[in-house]
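For reference, the chains in residue letters:
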Amino acid sequence: MALESTRRRPSSNVTPTEGSGFAAQCPRKRRERASESFGSVVHLTPLEAFRTTSGGKFMRGYTDLHCHYIAGVDDGVRSEDDGVALLRALHAVGFDHVVATPHMRPAMFDNHAAPLREAYAQLRLRLDREADLPETSLAAEHFFDDVVFERLLRGQGLPYTAGRSVLIELATEQMPVALPARLFDLRMKRLRPVIAHPERYTVFHRDPTKQADALRKAGAVLLLDVCALVGKYGERALRAAEQLVENDGYYAACSDAHRIEDAEITGRAIDRLHALVGREAGEVLLRDRPKEILQGRIFDDRFE
Ligand SMILES: [Fe+2]
């Protein structure tokens, strides 16, 4: 079934229950302990944060599925230099692959696939001359209105590399009408919906677990903006993210970085994620599962 298939972990030995091994081992206590450590965190540099987490050893190999480092196409970085600096900073906190996901949102960021491919190709010319950068690729953050939905069905979106999964942004205040049916239509097109930052949506603040279950039953996977775990989006998003992490609600985690400074926040947030779920489950969320999404290896039993 769809729910089971989305929760499959082929590239990890961690089972869904163990994944939040955290949840099985007195979640309240661990959460309190993590909150305490969160509250006492001194602002560490990303590298210091990683040393703290890993006992001096750097963790690497993460894939960031959501980032805005192409200048001039949305509300992301303001210049090419900033884009390069952001990529370098994310590389420093453990990301070896960072996907550019500019907004595709009519009336706000009216981007189409072809111009975004051109902008990315232009940036690649610069990146190829730079050192100490992660690998990169291009996708888009698709705002799920009628226009973009139809575009996706016509094959005019920008899925992740393998063409099997797409990043979807929903309106913050209200879920679209007939959302499950529309997600089903995407799956009919062999596109797995990856829901961006569910912890920020108002309906998730009321009952995160119930909302997450509904979306997963509709065949979507949920992508945590890890920075929610250090309060970047306020208290309600923080609590929703904590509950979903605790209940194994997320399939993967990302940075959704827009500025160079976001890399430092991401470093601290990764540190907190590890404090909450343990290092092994944290690596599944940051390394194994994002790669599965990127490479189109989350299969959908219903349509395979
Ligand atoms: Fe974004």
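The shown structure was predicted, so the numbers you read here are calculated from the model rather than taken from an experiment. (Residues numbered from 1 in each chain as written. Predicted model: local features only at pLDDT ≥ 70, side-chain atom pairs only at ≥ 80, totals over all residues.)

1. Let's talk about the nonpolar core
Grouped together as the largest cluster of nonpolar side chains are 81 residues, with contacts concentrated most on Leu 222, Leu 223, Val 226 and Tyr 250. When residues of this core are assigned to their parent elements, the largest contribution, eight residues, is made by helix α13 (residues 261–277). If we skip the residues at most four places from it in the chain, Leu 223 touches Leu 65, His 66, Val 194, Ile 195, Ala 196, Tyr 250, Tyr 251, Ala 252 and Cys 254. (Core = buried A, V, L, I, M, F, W, Y, C linked by C-beta atoms within 7 Å. Buried ≥ 20, exposed ≤ 12 C-beta atoms within 10 Å, placed from the backbone. Helix = DSSP H or I, 4+ residues; strand = E, 2+ residues; numbered from the N terminus. Contact = placed C-beta atoms within 7 Å.)

2. A word on the sheet that holds strand β4 (residues 135–138)
With parallel pairing, three strands are arranged side by side in an open sheet as β1-β2-β4. The strands lining the two open edges of the sheet, one partner per strand, are β1 (62–64) and β4. Going across the sheet, the axis of each strand differs from the next one's by a mean of 15 degrees, ignoring polarity. By the bridge criterion, four bridges tie strand β2 (residues 95–100) to β4 in an arrangement that is parallel. Among the inter-strand pairings, Val 98 is bridged to a residue of β4, identified as Thr 136. Contacts between helix α14 (residues 279–294) and the sheet are confined to β1 and β2, with β1 contributing the most and set at about 50 degrees to the helix. (Pairing = 2+ DSSP bridges. Axes fitted to C-alpha atoms, helices over the stretch in contact; angles between N-to-C directions.)

3. Notes on the packing of helix α11 (residues 208–217) against helix α12 (residues 235–246)
The interhelical angle for the contact between α11 and α12, taken along N-to-C directions, is 60 degrees, at an axis separation of 9 Å. Compared by their axis directions, α11 and α12 come out oblique. Once α11 is placed against α12, the crossing between them reads as right-handed. Counting all contacts with α11, which are made through Pro 208, Thr 209 and Ala 212, the residues of α12 involved are Ala 240, Gln 243 and Leu 244. Residues that form the contact of α11 with α12 fall into these classes: four nonpolar, two polar and no charged. (Parallel < 35°, antiparallel > 145°, perpendicular 65-115°, else oblique. Left-handed = near helix turned anticlockwise from the far one by under 90°. Nonpolar A, V, L, I, M, F, W, Y, C, P; charged D, E, K, R; others polar.)

4. What about the packing of α13 against α14?
Their axes nearest at 7 Å, the elements α13 and α14 cross at an angle of 130 degrees. The orientation of α13 with respect to α14, classified from their angle, is oblique. Crossing handedness for the pair α13 and α14: right-handed. Between α13, through Ile 270, Leu 273, His 274 and Val 277, and α14, the contact on the second element is made entirely by Arg 279, Ala 281, Gly 282, Leu 285 and Leu 286. Residue classes in the contact of α13 with α14 are distributed as six nonpolar, two polar and one charged.

5. Some remarks on the environment of Ala 140
Topologically, Ala 140 is positioned in the loop between β4 and β5 (141–143). The class of Ala 140 is buried, set by 29 C-beta atoms lying within 10 Å. Remark: the alpha-carbon pair of Ala 140 and Cys 67, spanning 73 residues in sequence, is separated by 9.3 Å. The contacts of Ala 140, once residues within four sequence positions are left out, are Thr 101, Pro 102, Met 104, Asn 111, Leu 116, Gly 157, Leu 158 and Leu 167.

6. So, the confidence of the model for the chain
Looking at the chain as a whole, its pLDDT mean stands at 84, while 79% of the residues score no less than 70. Predicted confidence is poor over residues 1–57, with pLDDT under 50, and the contacts of this stretch with residues over four places away or in other chains come to 88 contacts. (pLDDT = per-residue confidence, 0-100.)

7. Brief notes about the environment of Gly 155
Here Gly 155 shows up in the loop between α8 (146–153) and β6 (165–169). Between the alpha carbons of Gly 155 and Lys 189 there is a distance of 8.8 Å; along the sequence they are 34 residues apart.

8. Overview of the pairing of β6
With five of five residues buried, β6 lies mostly within the body of the structure. Burial of the side chains of β6 extends over both faces: Ser 165, Leu 167 and Glu 169 are buried on one face and Val 166 and Ile 168 on the other. As judged from the three bridges shared by β5 and β6, these two strands associate in the parallel manner. Among the inter-strand pairings, His 142 is bridged to a residue of β6, identified as Ile 168.

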